[in-house]
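So the chains spell out like this:
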Amino acid sequence: MSPYVVMRKRIAFLFFCVSAFLVVLIVRLAFVQLAQGAILSDKADESHYRGVPVAAKRGNIEDRNGEVLAMSVSTETVYAVPAQVRSSGRAEEIAHALSGLLEMERSQVMERITKRSALEYVKKRVTAEVAAQVRALELPGIGITEDSVRYYPNSTLAAHIIGFAGIDNQGLEGIELTRDDQLNGVPGAVLTEFAANGIPLPFANQMYVSPKNGNTVRLTIDKNIQAFAERELQKLLSGQGDNMNGQVPKSASILVMDPNTGQVLALASAPTYDPNYYNNYDQSTRRNIAIQNGYEPGSTFKIITLAAALEEKKISPQEGFFDPGGVTILGKTVHCWKHGGHGSQTFTQVVENSCNPGFVAMGQRLGMDKFYEYLHDFGFGQKTGIEMSGEAVGILAGKKRATALDLATMSIGQTNNVTAIQLLTAVSAVANGGTLMKPQLVKEIVGPAGNVVESFEPQTVRRVISEGTSKTARQMLESVVTNGTGYRAFLPGYRVAGKTGTAQKVANGAYIQGEYIASFIAFAPADNPRLAILCVIDGVPFYGGSVAAPPVRGVLQDSLKYLGVEMDLKAPLTLGKPRLDMQIPPVKKAVTVPSVLGLTLAEAEKSLRQAGFTVLTEGSGTVVQDQIPHGDSKVEEGSSVLLYLGSEAGAPTSGNWWAVEEEVDIDIETMLQMPWRQPLSQ
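Please read all numbers here as calculations on a predicted model, not as lab measurements.

Some details on the overall build of the protein
- Regarding its fold elements, the protein presents 21 helices and 30 strands.
- The buried share among the 682 residues of the protein stands at 52%.
- With the model as given, the accessible surface of the protein reaches about 29600 Å², and the carbon-plus-sulfur share is 53%.

Section: the side chain of Ser519
- Here Ser519 shows up in strand β24 (residues 510-524).
- Residue class for Ser519 comes out buried when judged on its relative accessible area of 0%.
- Ser519 has contacts with Pro297, Thr300, Lys499, Thr500, Gly501, Leu534, Cys535, Val536, Gly544 and Ala548, leaving out every residue within four places of it along the chain.

Quick word on the pairing of strand β12 (residues 264-270)
- Here β12 lies mainly inside the structure; seven of its seven residues are buried.
- Relative to β12, strand β11 (residues 251-257) is paired through six bridges, and the arrangement is antiparallel. Bridge pairing in β12 places Ala252 opposite Ala270.

Things to note about the packing of helix α12 (residues 302-311) against helix α17 (residues 467-483)
- Taken N-terminus to C-terminus, the directions of α12 and α17 make an angle of 135 degrees; their axes are 9 Å apart at the nearest point. In terms of orientation, α12 and α17 fall into the oblique class. In terms of crossing hand, the pair formed by α12 and α17 is right-handed. Where α12 approaches α17, its residues Ile303, Leu306, Ala307, Leu310 and Glu311 are matched on the opposing element by Thr469, Thr472, Ala473, Met476 and Leu477.
- Each residue belonging to the contact of α12 with α17 can be placed in one class, and the counts come to seven nonpolar, two polar and one charged.

Regarding the environment of Pro551
- In this fold, Pro551 is placed in helix α19 (residues 549-562).
- For the pair Pro551 and Glu232, spaced 319 residues apart in sequence, the C-alpha to C-alpha distance is 5.5 Å.
- Once residues lying within four places of it in the same chain are set aside, the contact partners of Pro551 are Glu232, Leu236, Ile254 and Cys535.

Considering helix α6 (residues 128-137)
- What α6 keeps buried is the set Val130, Ala131 and Val134. An end-on view of α6 places all buried positions within 100 degrees of arc, on one side of the element. Along α6, exposed side chains directed more than 90 degrees from the buried face belong to Ala128, Glu129 and Ala136.
- The secondary structure elements touched by the buried residues of α6 are β3 (68-80), α4 (91-102), β4 (120-126) and β5 (142-151).

Points about the pairing of strand β10 (residues 216-219)
- Note that strand β2 (residues 61-62) and β10 share two bridges and pair parallel. Looking across to β10, one finds that Ile61 is bridged to Val217.
- For β10 and strand β20 (residues 442-446), the ladder comprises four bridges, and the chain directions are antiparallel. Counterpart to Leu219 in the pairing with β20 is Val442.

Regarding the nonpolar core
- If you look at the biggest cluster of nonpolar residues, it comprises 92 residues, and the most contacted ones within it are Ile161, Leu219, Leu306, Met362, Phe378 and Phe380.
- Residues lining this core come from more than one domain, with at least three contributed by each of domain 1 (53-219) and domain 2 (223-279 + 289-563).
- In contact with Ile161, not counting residues within four places along its chain, are Gly174, Ile175, Leu219, Ile221, Gln226, Leu267, Met388 and Leu441.
- Core analysis: the next-biggest nonpolar cluster, separate from the first, contains 37 residues, Leu236, Ile533, Cys535 and Val555 among them.

Observations regarding the confidence of the model for the protein
- Per-residue confidence for the protein averages 84 on the pLDDT scale, and 83% of its residues sit at or above 70.
- Predicted confidence is poor over residues 578-588, with pLDDT under 50, and the contacts of this stretch with residues over four places away or in other chains come to 29 contacts.
- Segment residues 649-682: pLDDT under 50, and 151 contacts once partners within four positions in sequence are set aside and those in other chains are kept.

Looking at the packing of aromatic side chains
- With the rule as written, the count across this model stands at seven aromatic pairs.
- Pairing Phe164 with Tyr278 gives two aromatic rings, centres 3.9 Å apart and planes at 15 degrees, and the pair type is stacked. With Phe164 in strand β6 (residues 164-165) and Tyr278 in the loop between β12 and α11 (289-292), the pair connects residues that are 114 residues apart, well separated along the chain.
- Take Phe164: its relative accessible area is 2%, and that puts it in the buried class.
- Pairing Tyr273 with Tyr281 gives two aromatic rings, centres 6.3 Å apart and planes at 65 degrees, and the pair type is edge-to-face.
- Taken together, the aromatic side chains of Phe164, Tyr273, Tyr278 and Tyr281 make up a single cluster linked through ring pairs.
- Just above the ring of Tyr121 sits the side chain of Lys124; from NZ or CZ to the centre is 4.9 Å.

Things to note about the environment of Lys302
- Mapped onto the fold, Lys302 is located in helix α12.
- Lys302 sits 199 residues away from Gly501 along the chain, and the two C-alpha atoms are 8.9 Å apart.

Side note on unusual backbone geometry
- The omega torsion across Ala270 and Pro271 is 5 degrees, close enough to zero to call that bond cis.
- Structurally, Pro271 is set in the loop between β12 and α11.
- The step from Ala524 to Pro525 runs through a cis peptide bond, and the omega angle for that step is -15 degrees.
- Locating Pro525 in the fold gives a position in the loop between β24 and β25 (531-540).
- Within the chain, Arg125 stands out as a residue other than glycine whose phi angle is a positive 55 degrees.
- For Arg125, the position within the fold is in strand β4.
- Although it is not a glycine, Leu330 sits at a positive phi angle of roughly 50 degrees.
- Examined against the element boundaries, Leu330 turns out to sit in the loop between β15 (326-329) and β16 (332-335).

Observations regarding the pattern of salt bridges
- Per the stated rule, a full pass over the model turns up 23 salt bridges.
- The salt bridge partner of Glu120 is Lys115, with a shortest N-O separation of 3.9 Å.
- Glu120 sits in the buried class, given a relative accessible area of 16%.
- When the shortest N-O distance is used, the salt bridge between Glu176 and Arg150 registers 2.8 Å. On the criterion of sequence distance, the pair formed by Glu176 in helix α8 (residues 174-178) and Arg150 in strand β5 is long-range, its members being 26 residues apart.

Comments concerning helix α5 (residues 106-113)
- Considered for burial, the residues of α5 that qualify are Val109, Met110 and Ile113. Taken around the axis of α5, the buried residues stretch over an arc of 100 degrees, which confines them to a single face. Along α5, the residues that are exposed and aim more than 90 degrees away from the buried face are Ser107 and Glu111.
- Buried residues along α5 sit in contact with β3, α3 (82-88), α4, β4 and β5.

Criteria and cut-off values
- Residues numbered from 1 in each chain as written.
- Predicted model: local features only at pLDDT ≥ 70, side-chain atom pairs only at ≥ 80, totals over all residues.
- Heavy atoms only, no water.
- Helix = DSSP H or I, 4+ residues; strand = E, 2+ residues; numbered from the N terminus.
- Buried < 20%, exposed > 50% of the residue type's maximum accessible area, 1.4 Å probe, protein only.
- Areas by Shrake-Rupley, 256 points an atom, 1.4 Å probe, with all protein chains shown as cover.
- Contact = heavy atoms within 4.5 Å.
- Pairing = 2+ DSSP bridges.
- Axes fitted to C-alpha atoms, helices over the stretch in contact; angles between N-to-C directions.
- Parallel < 35°, antiparallel > 145°, perpendicular 65-115°, else oblique.
- Left-handed = near helix turned anticlockwise from the far one by under 90°.
- Nonpolar A, V, L, I, M, F, W, Y, C, P; charged D, E, K, R; others polar.
- Arc of directions from axis to C-beta.
- Core = buried A, V, L, I, M, F, W, Y, C linked by side-chain atoms within 4.5 Å.
- Domains from an automatic or database assignment.
- pLDDT = per-residue confidence, 0-100.
- Phe/Tyr/Trp six-rings, centres within 6.5 Å; stacked < 30°, edge-to-face > 60°.
- Lys NZ or Arg CZ within 6 Å of the ring centre and 35° of its normal.
- Salt bridge = Lys/Arg side-chain N within 4 Å of Asp/Glu carboxyl O.

Structure below.
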């Protein structure tokens, strides 16, 4: 092959390689320019421009009517650009000047202003006077930027719902946490052009990027109804609650819901705290007990047993039932609160009297499978889905291990553990026509310009009972307030339905003597409910009908008037006939029960009668083995004390001492005959 041909091939190969290289280069340049151009341009700007952040204001939290519950107010923050401070050679002087103005340790200021970072906050949320003084000093590398601080204008109002935000405006609890993404805005910045050495260029360009404020979260809560609820709680915790005789409970909560929609109108817990100063309070005050605490509901749960029995047609309102005073199951007796029982009565009267054997019969007629089916349908043993962190699921007795005795005690509200929000949600389904609704706390999200960004509609979970069953249950529960144990919630001119409840507290697997959870649940008007309300009081020696019904009555009375619900001309103005002779007497003062354990019957009777108590006995023998109420318990003056007798130390000879509590509001003289439950004998 001639040298000329070889040369041509080499030139052609070289041309091909150069062409290929140029093609690759052009493709790469096109990719960089077109696909990555914007990104690289931003990175270039970032290397030339350094910004001082301008905080966006966190969105408001409002009640359903637009009343502000949480807002952000402007404040100022002192910042440093460490590169400028170091290059000025005046770091020591700057640290000394700032430490006095900012009331900080000089070493702490020095560390921050010389730190190896592009920007460092020296102190956040300084007063306007301090900010003006810092500006006047014109210190190199030191500046002031706008910031915001969270402010709760109503102090403690709805604190457990709202929660609070931290120093960096991040949500930490409550709606502040669950809706943090919507409440947070997008911060802006003041951008200044810098040289590579970190020094601003002479006559440098500056750019201002406006912050975008956060959205407003509008709740279903009504500020006024919330205030009514918190007023009643304040009475309780200040010892001024009706029939409390100056005693103060450990905690209490009141929940108010629109039963037709599931919208929560008030959710109040006490003790409470001020979110403006949340660090000054014990963490226990920040616990949302209505959502996070479970408890044995006692007789308020009987509403669920009633609804299930009516739905399955296991009972009818006028069907007769005989109460002998107790029912024995697996060798244990579940007593009626009334010594000797109520005798012959209808099932409507069973509900009015909160007769334990009557409700046990309802549970037995339903059977284990059906009873558990309704437990799950009404939402027990599972979260309601309310928008609050830390919601408890409650505890249900395992169906596979449940006995006939468990079924009996579950029917009257014992054994299982529920949360207040679960119970109110379930009872609202009984009130609204039979539909279980998901509890709702957030109504809508509103943009900074006032436009609705997102709206939330009520959510139906499932139908649990028929409208006919709901109507019958409402009528029977209305009779509880007019003729039965719930008379302290009676409102002249309004039809109120309700149920009392008292449960002995459990700790470390055993019942606490002398401490109870008193509760009352109601809805009104009974024929067309607008409000459902639950009051739970923890740590009192009194009954739900005595201490929990009056707060419910107070909230209902003011809320119905506030909502414009007119009085029903057909509604009763006085209590029913079983109550007319009582004229709603006040609860007597609390006195301490003496302990008579181990004494002979004669000695025990003498001691108790001298203290003003009447004496009832059960069992045979001459020695007191146990007593109800227990020694050192505080009960109403003139109450009865039940003594269990035996021949020697050990279990009572009767063997039946599974006593189930219930408030006894009908007969004041025998109010405490059988109020307490005891654990099963070993």
